Amino acid sequence: MLQVTDIHLSFGALKVLRGISFSAQANEILGVIGPNGAGKSSLFSAISGFYPPNKGEVKLNGENLRRLRPDQIAAKGMVRTFQVPREFGDMTVLENLKAAGSTRQDDSILAGLFGGARTARAEAELTLRAEEMLERLNLTRVSNNLAKALSGGQKKLLELGRALMVKPKVLLVDEPFAGVAPALRDQLVGHLQALREEGLCLLVVEHDIEAIMQLSDRICVLVEGSILIDGTPEEVQADARVLDAYLGAIHS
Amino acid sequence: MTSYLIAIGIIALIYVLLALSLNLQWGNTGLINFGLVAFFAIGAYVSGLLTLNGWPIVLAMAAAVVISAIAAWPLGKLTLTLKEDYLAVIAVGFSEVVRSVLENESWLTGGPSGLPGIPRLYENAPDGMRDMLLFMTLLIAVIVVFAMLERLLRSPFGRSLRSVRDNETAAAALGKNVVGFKTRSLILGSGIAGLAGAFYAHYLTFISPEQFTPDVTFNVWIAVIIGGSGRNLGVVLGTFLLILFLEGTRFLNDTGIGLDGSQLGALRFILIGLALVLCMLYRPAGLFAKPEGR
Amino acid sequence: MPSFSLVLQIIVDGIANGAILALLAVGLSVIFRLNKFVNVAHVDMATVGAYATLFIFTTLIPNFWLAATAGVAVVAAIGYLSHKLVYSRLRGERSITLIIASIGVAFILRYLITFIWGSNQQSFALPLMRAVRFGDIRISPYDLVIVGISLAIFIGLFFIMRFTSLGRSLRAVADNPQLARVSGLRTENLLTKVWLAASALAGIGGVLLAVKTVITPYLGWTMLLPAFAAMIFGGVGSIGGTFFAALIIGIVSEFAAMYWLPTYRLAAIFGVIVLVLIVRPQGLLGIKAVAK
């Protein structure tokens, strides 16, 4: 489903990604790990259109995503979340989800002013979908709270929920377990696994190696902008170079 | 007395239109439009010039709305990809450039001496009724604009605008065309500002560039800030507070407090400046914003 | 075809104006770099400097240099106060909050001045001096002094930023405030110094400007757009860049006044801003203006 070929990204003189290639399928969780500064978050930004790569190709179901804006790429089915949640602070949780779920057509000025019955119906369906999402993520309790008033963990769940409202085919999850309590972590793992069963292709960037090993079908190890190894969790764990890379990164 | 109240009412309603326009652009989209007065001016001059050239008032006003809206497009193109601060200063620059064009191109705009003799609405009505009719028309226009904006802001469009306001990067990641939304907001708001300008021209019958300085922009900003950004009703209340303040201090002049006209004007601005600072320090959400938001 | 000496004259006049603009722009630039907002009230500090000096010169100290120094000290104090009472309390807020607060401060300063002195034109009533001639070019001795002062200040600033520990600390704070704080740099202390200095520079600019032209409450405000243009053209935070950018803008402005219309000076400067933002968003030597 997702085909990434030879991605290079530089910030001025700093080369952040050096020829990254990998692919990911539906019903699959691909974990991306690596020492700090290896380029993990930059990878997400590069393939989702936020920092267009200097070289290389990203194909989603065969379609080339070159030169597309982030919102266009999201419309094509690849949605990313952010490491530090970016909730719509002055809107309620429910509104956050509904905002994410409305389509380009729904969003037009004409639909807003003159949509009448059709818009009303779309809104009703949207509200239903949003409420189901709230149920699923256990956020119904706070549905009318302002997003900025949520706890860190709740914000992470909202971040996930919003992305799902867009009905993505590929979901880029950026450090979902960062700073998260163990109880919530297990919840999140459960959510991500369920999503995989439902047909999503998930890329997960993480520091928490244990969680990633538990969660992923395949793992990419990123070191200094290149892929060191791309294989199953067992293969990665067995590979001595991976340990070297982490130790090396600590020393440098 | 009634005619005085009606006169204030007309000015107040014109400012309400401007405030509603800014509430759309700033309150709901987060655009720091410090150039609002430019579109007010364009609306006034377009309608004034067209009617002076024989156009029927209604058509001229419609043209004023359309042209003000279109004029927003270059400003948007220039500034919508920039950092907030840059947008702010450039917007002011834009409005000042518009004003210098109005001052210099006298062949078109009458230059610094302005445009006198602009036809009034309800020209043929008896003197006492004319302003009252204008007031009623303006009131209807304001109500229509208000209703339209309320509907729009409660729709998915409005919701998406606010998502852009709150976190445009996230909005983009979720499929919202950020620049597209900002542009539409800017254009729609500017059209409304143009409508306000058209009414202004046909009420005063005389317009000149010095009526369109950044002071007007900042007065509207104060009304919107104090009223609590985002909510149309709050913004309307904020506008009335502002007009009350501006008119109230005018009365001070008559009580012979010992300050001359320009000093009073200066005092007014000192107080406004103080209000701005205090508002930012202690109540950035404005006086009328509910703690839990709309 | 304009004569060479006319062009040269225009350039010379432009440099004199640009030298003053540079003093205003550099403070604006540094404050933007460190505090992350465009301080609209900064240019009004120049107005304060002019009026403070006027007051002191005409009522307290008949010596112009001393009066000017005292006036600049007043500006520095007011700048410090605005930082302490207003802006420092808003640190971390969105820049729009700070900008609006600075608009409030600008109103207070500008209209307090109007309240006290009225909006009529005033002047220092300094003795008229005959222009010095260099061939076909005429330069007023005042302009020479102005450019000299500005140049000296900028060379001094450049050295401070490059070669002193103060300069290094400033750059550290500008690049990475959290790291700077954590590594023990006394950021609050540093910021205070910056505000004092930036305001003082604006004050000096105001006095020099008042020497060249008339004094009105709008003296500084009219320089907002040019100062902003110099800031982005020269690159935010770059001292040398801002200086040269200001000179160029001064020159462009003079050309616009001569060949277009004096009242279109502003439009010309606006045009410069637009051009810069389109062609080279990072300015001559600085950071990008485009939001991510």
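Throughout what follows, the structure given in this document is the object of discussion. All values reported here derive from a predicted model rather than from experimental measurement. (Residues numbered from 1 in each chain as written. Chains lettered and ligands numbered in written order. Predicted model: local features only at pLDDT ≥ 70, side-chain atom pairs only at ≥ 80, totals over all residues. Heavy atoms only, no water.)

## Details of the overall build of chain C
Here comes step 1: Counting its secondary structure elements, chain C contains 11 helices and 2 strands.
Here comes step 2: What you see in chain C, going N to C, is helices and strands ordered as α-α-α-α-β-β-α-α-α-α-α-α-α.
Here comes step 3: Against the compact-globule benchmark of 19 Å for 292 residues, chain C has a radius of gyration of 19 Å, which places it among compact chains.
Here comes step 4: Each principal axis of the C-alpha atoms in chain C carries an extent, and together these give about 60 × 50 × 35 Å.
Here comes step 5: Across the 292 residues of chain C, 54% fall into the buried class.
Here comes step 6: A sequence separation of at least 24 residues applies to 73% of the contacts in chain C between residues at least 6 apart.
Here comes step 7: Counting every atom, chain C has about 12,800 Å² of accessible surface; 69% of that belongs to carbon and sulfur.
Here comes step 8: Taking the 21 positively charged and 8 negatively charged side chains of chain C as two groups, their mean positions are separated by 9 Å. (Helix = DSSP H or I, 4+ residues; strand = E, 2+ residues; numbered from the N terminus. Rg over C-alpha atoms; globule rule 2.2 N^0.38 Å. Buried < 20%, exposed > 50% of the residue type's maximum accessible area, 1.4 Å probe, protein only. Contact = heavy atoms within 4.5 Å. Areas by Shrake-Rupley, 256 points an atom, 1.4 Å probe, with all protein chains shown as cover. Lys, Arg positive; Asp, Glu negative; His and termini not counted. Charge placed at Lys NZ, Arg CZ, Asp CG, Glu CD.)

## Side note on the sheet that holds strand E4 (residues 55-60) of chain A
Residues and elements named next belong to chain A.
Here comes step 1: Read across the open sheet, the 4 strands follow the order E2-E1-E4-E5; overall the sheet is antiparallel. Bordering the open sheet on either side are strand E2 (14-24) and strand E5 (63-64), each of which pairs with just one other strand.
Here comes step 2: One ladder, built from 5 bridges, connects strand E1 (residues 2-11) with E4; its direction is antiparallel. Its bridge partner being in E4, threonine 5 is matched across the sheet by glutamate 57. (Pairing = 2+ DSSP bridges.)

## What about the pairing of strand E8 (residues 201-205) of chain A?
All names here are of chain A.
Here comes step 1: Of all the 5 residues making up E8, 5 are buried; the element is thus mostly covered by neighbouring parts of the structure.
Here comes step 2: The alternating pattern of E8 places Cys201, Leu203 and Val205 on one face and Leu202 and Val204 on the opposite face, and all of these are buried.
Here comes step 3: Sheet topology note: the strand E3 (residues 28-33)/E8 ladder contains 5 bridges and is parallel. Residue isoleucine 29 lies in a different strand from E8, and its bridge partner there is leucine 202.

## What about unusual backbone geometry?
Comment: phi is negative for the bulk of residues other than glycine, and the bulk of peptide bonds are trans.
Residue and element names in this part refer to chain A.
Here comes step 1: Its identity as a non-glycine residue notwithstanding, asparagine 27 has a phi of 55 degrees, on the positive side.
Here comes step 2: Among the secondary structure elements, asparagine 27 is positioned in the loop between E2 and E3.
Here comes step 3: Take asparagine 27: its relative accessible area is 42%, and that puts it in the partly exposed class.
Here comes step 4: Notably, arginine 67 is not glycine yet its phi reads approximately 65 degrees, a positive angle.
Here comes step 5: Among the secondary structure elements, arginine 67 is positioned in the loop between E5 and helix H2 (70-76).

## Let's talk about the interface of chain B and chain A
Where interface size is quoted, it is often the accessible area lost as the parts come together.
Here comes step 1: Between chain B and chain A, the contact holds 25 residues from the first and 35 residues from the second.
Here comes step 2: Here chain B packs against chain A, burying approximately 2,500 Å² in sum over the two surfaces, 60% of which is carbon and sulfur.
Here comes step 3: There are 2 salt bridges connecting chain B and chain A.
Here comes step 4: Between lysine 176 of chain B and aspartate 107 of chain A there is a salt bridge, with the nearest N and O atoms lying 3.0 Å from each other.
Here comes step 5: At the junction of chain B and chain A, the tally comes to 11 residue pairs in polar contact (both at pLDDT 80 or more).
Here comes step 6: Every element with two or more residues in the side of chain B that touches chain A is listed here: helix H6 (127-154), helix H7 (156-166), helix H8 (168-173) and helix H9 (178-204) of chain B.
Here comes step 7: Per-element accounting of the side of chain B that touches chain A gives the leading share, 8 residues, to H7 of chain B.
Here comes step 8: Per-class residue counts for the side of chain B that touches chain A are 10 nonpolar, 7 polar and 8 charged. (Buried area = accessible area lost by both parts, 1.4 Å probe. Salt bridge = Lys/Arg side-chain N within 4 Å of Asp/Glu carboxyl O. Polar contact = N/O pair within 3.5 Å; in protein donor to acceptor, adjacent residues only side chain to side chain. Nonpolar A, V, L, I, M, F, W, Y, C, P; charged D, E, K, R; others polar.)

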